Amino acid sequence: MEAARLLIREAKEADLRALIGLFAADAVGGHGDTTDPSAYDDYLRAFRIIAASAEQTLYVAERAGEVVGTFQTMITTTLTGRGGSAMIIEAVQTRADMRGQGIGAAMIKFCIDGAKSRGMRMIQLTSNNARKDAHRFYERLGFKPTHLGFKMLLK
């Protein structure tokens, strides 16, 4: 299967269970995602917040009617960089059985093309320190590890 048969589109509420499954299958992320039905309302609430936001978009990559990947973009504008806007890419996931088929590259290219067409000054993303393969993947696509990120978990 080639990436050319991939459809990248905005996620719909009907995609939510497939998206939850992608995140719950990620053992490295450590986000505590789960397919437990008791957590569904938390995901639904978050989905609706994202869907209502003018600055956030959740996407799915679909092949043959199945969700095989996902990512989210956010647009932020700061005074630094002469008031330029940047695209932040988050929550990039490709279904484990579909990795190595160009899906991740197609999703990131979609982001790059969108950021360029909107006149963004930069694209940035973070990646878990343990994801060495992902780091090499992003570097192959032209990203540079220029900053060190910090997090403070509150929950």
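Presented here is an overview of the structure given in this document. Predicted, not measured: the structure shown is a model, and the values here were computed from it.

Examining the overall build of the chain
Right, on to step 1. Within the chain one finds five helices and five strands.
Right, on to step 2. Over its C-alpha atoms the chain spans a radius of gyration of 16 Å, differing by no more than 12% from the 15 Å that the globule rule assigns to 155 residues.
Right, on to step 3. Each principal axis of the C-alpha distribution contributes one length, and for the chain these read about 45 × 40 × 30 Å.
Right, on to step 4. By the burial criterion, 35% of the 155 residues in the chain qualify as buried.
Right, on to step 5. Long-range contacts, defined as pairs at least 24 residues apart, comprise 58% of the intrachain contacts of the chain with a sequence gap of at least 6.
Right, on to step 6. Per element, the accessible surface of the chain, about 10200 Å² overall, is 54% carbon and sulfur.
Right, on to step 7. The chain carries 21 positive and 17 negative side-chain charges, and their two centres are separated by 7 Å.

Points about the environment of tyrosine 43
Right, on to step 1. By the secondary structure assignment, tyrosine 43 is in helix H2 (residues 40–52).
Right, on to step 2. Looking at tyrosine 43, the relative accessible area reads 16%, which means it is buried.
Right, on to step 3. Separated by 107 residues in the primary sequence, tyrosine 43 and phenylalanine 150 have C-alpha atoms spaced 25 Å apart.
Right, on to step 4. Beyond its immediate stretch of four places on either side in the chain, tyrosine 43 contacts Leu16, Ile20, Asp33 and Thr34.
Right, on to step 5. Polar contacts involving the side chain of tyrosine 43 include one to the side chain of aspartate 33, which spans 2.8 Å.

Observations concerning the packing of helix H1 (residues 16–24) against H2
Right, on to step 1. One can describe the packing of H1 onto H2 by two numbers: an axis separation of 11 Å at closest approach and a directional angle of 110 degrees. Considering the angle they form, H1 stands roughly perpendicular to H2. Contact with H1, carried on its side by Leu16, Arg17 and Ile20, involves Tyr40, Tyr43, Leu44 and Phe47 of H2 and no other residues of that element.
Right, on to step 2. Tallied by class, residues from the contact of H1 with H2 come to six nonpolar, no polar and one charged.

Remarks on the sheet that holds strand S1 (residues 7–10)
Right, on to step 1. The mixed open sheet is built from five strands, whose spatial order is S1-S2-S3-S4-S5. Because the sheet does not close on itself, it has two edges, and the strands there are S1 and strand S5 (122–125). Neighbour-to-neighbour, the strand axes of this sheet turn through a mean angle of 30 degrees, independent of strand direction.
Right, on to step 2. As paired strands, strand S4 (residues 85–94) and S5 are joined by four bridges and run parallel to one another. Bridge assignment links isoleucine 88 to a residue of S5, and that residue is glutamine 124.
Right, on to step 3. Together, S1, strand S2 (56–63), strand S3 (66–77), S4 and S5 form the strand contacts of helix H4 (residues 103–117), whose direction differs from that of S4 by roughly 165 degrees.

Analysis parameters
- Residues numbered from 1 in each chain as written.
- Predicted model: local features only at pLDDT ≥ 70, side-chain atom pairs only at ≥ 80, totals over all residues.
- Heavy atoms only, no water.
- Helix = DSSP H or I, 4+ residues; strand = E, 2+ residues; numbered from the N terminus.
- Rg over C-alpha atoms; globule rule 2.2 N^0.38 Å.
- Buried < 20%, exposed > 50% of the residue type's maximum accessible area, 1.4 Å probe, protein only.
- Contact = heavy atoms within 4.5 Å.
- Areas by Shrake-Rupley, 256 points an atom, 1.4 Å probe, with all protein chains shown as cover.
- Lys, Arg positive; Asp, Glu negative; His and termini not counted.
- Charge placed at Lys NZ, Arg CZ, Asp CG, Glu CD.
- Polar contact = N/O pair within 3.5 Å; in protein donor to acceptor, adjacent residues only side chain to side chain.
- Axes fitted to C-alpha atoms, helices over the stretch in contact; angles between N-to-C directions.
- Parallel < 35°, antiparallel > 145°, perpendicular 65-115°, else oblique.
- Nonpolar A, V, L, I, M, F, W, Y, C, P; charged D, E, K, R; others polar.
- Pairing = 2+ DSSP bridges.

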